[in-house]
Structure formats: structure tokens, C-alpha cells
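Chain by chain, the residues run as shown.
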Amino acid sequence: MIKVKRLTKKMTAAIAILGLVEAIIFSLIFGFEKGWGPILGSVGAIANLFSLKKDIERMVARKTTKGWVLGYLGRYTFNAALFLIGGLVSLETLIGVFVGLMNLKIVSFIAWRWLD
């Protein structure tokens, strides 16, 4: 059985580290005021990870796959709100939010290496 708590902690740490590195790179390229886009996206990615974990745990506890739609729609509405905030600031911030949200996908591809 996968130790979900430990894997979630490792994924959260990896997302945070990627977000900080991306924020530094964005700050150097676009200026300090645009460097918070990847941080905002990374915070969103971490929130999405915990929301997904909570939905999966609820489905396992109930032994059914019903009820996932509300969490799914909530996560994507939250992502849309983050994109809206980034887009209202500037194009660079919008790109930074996108890159930060993609950290969850990137970490998911490397997380299998952390399984026992």
C-alpha cells in the first residue's frame, strides 16, 4: 500500500522548491514585481494536491466513486480564479501562474520514484 501521507509531503516539498526556483527565474527575467506568478501557481498546485487527496480518501472510505464531480469542478474553478488574477495583473504573471500550476503535473511524473 502506498503511504499517502509521506508521498503527499514529498510532493508538496517538490512543488514548493520548483515554485521558488521558477519565481527566482521569473524575477530575474521579468522583474521582481512579476516573480510572484509562479508562487501563486505553486500555492494553487499544492491546494489542488490536497483537494485531490481529500476526494480520493472520501471515495475510498465510502467505497464508491460517486461524489468526485464537486471536487473536480471546485479545483478547476479555483484554477480559473488564479488565472483570472494573474491575467488581470499582466501577461507575464499569467504565464507564471500557468507554470506554477504545472508543477503538480511535473511532480506527478516524478513521484513514482518515491513509492516503496
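Residues numbered from 1 in each chain as written. Predicted model: local features only at pLDDT ≥ 70, side-chain atom pairs only at ≥ 80, totals over all residues. Heavy atoms only, no water.

1. Re unusual backbone geometry
- The backbone of K63 shows a phi angle near 55°, a positive value even though the residue is not glycine.
- Checked against the element boundaries, K63 lands in the loop between α2 (36-62) and α3 (68-89).
- Exposure remark for K63: the relative accessible area of 76% places this residue in the exposed category. (Helix = DSSP H or I, 4+ residues; strand = E, 2+ residues; numbered from the N terminus. Buried < 20%, exposed > 50% of the residue type's maximum accessible area, 1.4 Å probe, protein only.)

2. A short note on helix α1 (residues 4-30)
- The terminal C-alpha atoms of α1 lie 37 Å apart, and with 27 residues this matches the ideal 39 Å at 1.5 Å per residue to within 8%.
- Restricting attention to buried positions, one finds in α1 the residues L7, T8, M11, T12, A14, I15, G19, E22, A23 and F26.
- As for α1, its buried residues are in contact with α2 and α4 (91-110).
- Directly beyond the C-terminal end of α1, a positive phi value near 110° is found at G31. (Expected span 1.5 Å × (residues − 1). Contact = heavy atoms within 4.5 Å.)

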